[in-house]
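Residue strings, one per chain:
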Amino acid sequence: MSYESLISLRYLKSGTGRGFLSLIGIISILGVFLGVASLDVVLSVMKGFEDELRDKIIGASSHVIVMSYEGDFGDFADVEKRLEHFPGVTSTSPFIYNHGMLVTEYAVSGSVIRGIDPNNSASVAAVAEAVGKGSLPETSKNSDALLDEGSRIVSGLLHETASGHPPIIIGRELSNLIGATTGDTVNLVSPYGKIGPFGPTAKIRKFGVIGVFDYGMIEYDSSTAYVSLEDAMDFFETRSKITGIEVRVDNIYQARETGNKIAETLGFPFYAKNWEDSNRSLFRALRLERMAIGIFLGFIVLVAALNIVSTLTMLVMEKKRDIAVLMSMGARKSGIRRIFVYDGMIIGTVGTLLGTLFGYLICRFLETSNFIKEAIPFDDNVYPISEFPVRIEPVYFLVVAVSSLLICFLATLYPSYRASRENPVESLRYE
């Protein structure tokens, strides 16, 4: 061990008889500790919120959507075959997207009508869990039960209801808005009707509600309804044409690259739209918010760094005689600087390590404990999540720790430079 390390440890241990560290040194460690722990916890919560919101959005939509600039298109079976063998694509499913109004004797509400193919495994998998969640009671909501019940209900879109009407599945909030639930009958109204003697007339057809889905996002649950692809073609008179093809990929973070390659392969008039582009403004706002909160909480570490500056400055003033003796014995200025850099880095390293460990333990507690979930309930009508989200990201912990150590190192430069500039003759003149 070098003499600089030995002397720096003796300075920290001495503290003029006040124990292991002086009070101001302990305060400096606490400042770094609180800053690092706060950053780790907040960034983990923000990451958890973003990931849960992303999962809900992807569950309600698709990774990539292939559409045509010319609008609805036919001969989609050939396009599907080309997409099924495309690298990175796991499944495809055609869909029809249109608007209408759902009318009951209690209320009227506009809705997005999505026609899906119940025979297509990708279509069923995309909505089965949400349908099961909206149809099963709370006590039965395990993953297997959700998928089984949801798949059974979605497959019911192939058959007429007991009343002889085509089937429809509506969102939980939409069900509450129009006062209709499983077993009820609703009227679907399309403004694109036939031309009569007095002008255009709306098209109306009765549908039987066979299920209710719950994505956990009010934007989808209050405005979306599912019917079979054939019923959608017949009702909207698309003449065997579809709106587009939903594509699911094996890596959602490469959805943009896969979508661009699909568009290049298919050529005009087809184009691809990925989930990131569809929700760009939302995720950009979340990332900006996470960055702003990280910067503001980083000021806690900066304040702790100022405490380190004051601690080392006071230590330099206290140890002027010792510095003069060391320099008179041949110690270099670089060695004097290292003594006080080591002192500051010991404070910063201890605070950073303890803060990182404490932040990790807090995140683990939030993940596994129901205390926070019960203490901070989330209203489904306000928030798109139902519980306190936490996602531990090792990269964030590493970045926070490295940034903290760098700030602490920068805080040692001025006091160590000042110590190396001491004049030993002036310091020992009156000794």
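To keep things clear, this report deals only with the structure shown in the data block. (Residues numbered from 1 in each chain as written. Predicted model: local features only at pLDDT ≥ 70, side-chain atom pairs only at ≥ 80, totals over all residues. Heavy atoms only, no water.)

## A look at the overall build of the protein chain
For the protein chain, the count of helices and strands is 16 helices and eleven strands. A sequence separation of at least 24 residues applies to 77% of the contacts in the protein chain between residues at least 6 apart. For the protein chain, the accessible surface area stands at approximately 22300 Å², while carbon and sulfur atoms represent 59% of it. (Helix = DSSP H or I, 4+ residues; strand = E, 2+ residues; numbered from the N terminus. Contact = heavy atoms within 4.5 Å. Areas by Shrake-Rupley, 256 points an atom, 1.4 Å probe, with all protein chains shown as cover.)

## So, the packing of aromatic side chains
Considering all chains together, one arrives at ten aromatic pairs under this definition. Plain terms: the ring middles of Phe-33 and Phe-358 are 5.3 Å apart, the flat faces sit at 45° to each other, and that makes the pair tilted. Here the residue Phe-33 occupies a position in helix α2 (residues 23-60), and Phe-358 occupies one in helix α13 (residues 333-368), the gap between them amounting to 325 residues. Consider the rings of Phe-213 and Tyr-226, whose centres lie 5.3 Å apart with planes at 65°: the pair is edge-to-face. With a gap of 13 residues between them, Phe-213 in strand β8 (residues 203-213) and Tyr-226 in strand β9 (residues 224-228) connect regions that are remote in the sequence. Across the pair, exposure class does not vary: Phe-213 and Tyr-226 are buried alike. Among the aromatic side chains, those forming a connected cluster through ring pairs are Phe-213, Tyr-215, Tyr-220 and Tyr-226. Over the ring of Phe-95 we find Arg-114; its NZ or CZ atom is 5.1 Å from the centre of that ring. (Phe/Tyr/Trp six-rings, centres within 6.5 Å; stacked < 30°, edge-to-face > 60°. Buried < 20%, exposed > 50% of the residue type's maximum accessible area, 1.4 Å probe, protein only. Lys NZ or Arg CZ within 6 Å of the ring centre and 35° of its normal.)

## Side note on the nonpolar core
Leu-102, Ile-168, Ile-170 and Val-247 are the most contacted members of the largest nonpolar core, which totals 44 residues. When residues of this core are assigned to their parent elements, the largest contribution, five residues, is made by helix α8 (residues 229-236). Ignoring anything within four residues of it in the chain, the contact list for Ile-168 reads Leu-102, Leu-157, Val-186, Phe-207, Gly-208, Val-209, Ile-210, Gly-211, Ala-225, Tyr-226 and Val-227. Val-124, Val-127, Ala-130 and Phe-213 belong to the second largest nonpolar core, which has 15 residues in total. (Core = buried A, V, L, I, M, F, W, Y, C linked by side-chain atoms within 4.5 Å.)

## Structural notes on the packing of α2 against helix α11 (residues 280-318)
Between α2 and α11, whose axes approach to 8 Å, the crossing angle comes to 175°. Relative to α11, the element α2 is oriented roughly antiparallel. Taken together, the residues of the contact of α2 with α11 break down into 22 nonpolar, ten polar and six charged. (Axes fitted to C-alpha atoms, helices over the stretch in contact; angles between N-to-C directions. Parallel < 35°, antiparallel > 145°, perpendicular 65-115°, else oblique. Nonpolar A, V, L, I, M, F, W, Y, C, P; charged D, E, K, R; others polar.)

## Brief notes about helix α9 (residues 255-266)
Counted at 1.5 Å a residue, the expected span for α9 with its twelve residues is 16 Å, and the 16 Å between its end C-alpha atoms agrees. Lining the buried residues of α9 we find β1 (64-68), α3 (76-84), β2 (89-103), β10 (244-249), β11 (270-274) and α10 (275-278). In the segment just after α9, Gly-267 is the residue with positive phi, at about 75°. (Expected span 1.5 Å × (residues − 1).)

## Quick word on the packing of α11 against helix α15 (residues 394-420)
Interaxial distance between α11 and α15 falls to 9 Å at its minimum, and their mutual angle equals 30°. The angle between the axes of α11 and α15 places the two elements in the roughly parallel class. Considering the relative orientation of α11 and α15, their crossing is right-handed. Packed against α11, whose contacting residues are Arg-290, Val-301, Leu-302, Ala-305, Ile-308, Val-309, Leu-312, Thr-313, Val-316 and Met-317, the element α15 presents Tyr-396, Ser-404, Ile-407, Cys-408, Ala-411, Thr-412, Pro-415, Arg-418 and Ala-419 at the interface. (Left-handed = near helix turned anticlockwise from the far one by under 90°.)

## Some points on the pairing of β8
Across five bridges, the pairing between strand β4 (residues 167-171) and β8 is parallel. Residue pairing in the sheet places Ile-168 in a bridge with Val-209 of β8. Sheet analysis places strand β5 (residues 185-190) next to β8, joined by six bridges and oriented antiparallel. Bridging across to β8, Ser-190 finds its partner in Lys-203. (Pairing = 2+ DSSP bridges.)

## Thoughts on the environment of Phe-236
Secondary-structure assignment places Phe-236 in helix α8. For the pair Phe-236 and Lys-203, spaced 33 residues apart in the sequence, the C-alpha separation amounts to 8.9 Å. Excluding residues within four positions of it along the chain, Phe-236 makes contact with Asn-98, His-99, Ile-113 and Ser-190.

## Let's talk about empty space enclosed by the protein
Applying the stated criterion across every chain, the model contains two cavities of 30 Å³ or more. Reported here for the largest cavity is a volume of approximately 60 Å³. Lining the largest cavity are eleven residues, with Arg-114, Ala-126, Val-127, Tyr-226 and Glu-246 positioned closest to its centre. Those elements that place two or more of their residues in the lining of the largest cavity are α2, β3 (108-116) and α4 (121-135). (1 Å grid on protein atoms, 1.4 Å probe; cavity = no way out; pocket = protein on both sides within 12 Å on 5 of 7 lines; lining within 4 Å. Points joined across faces, edges and corners; volume = space filled by probe spheres on them.)

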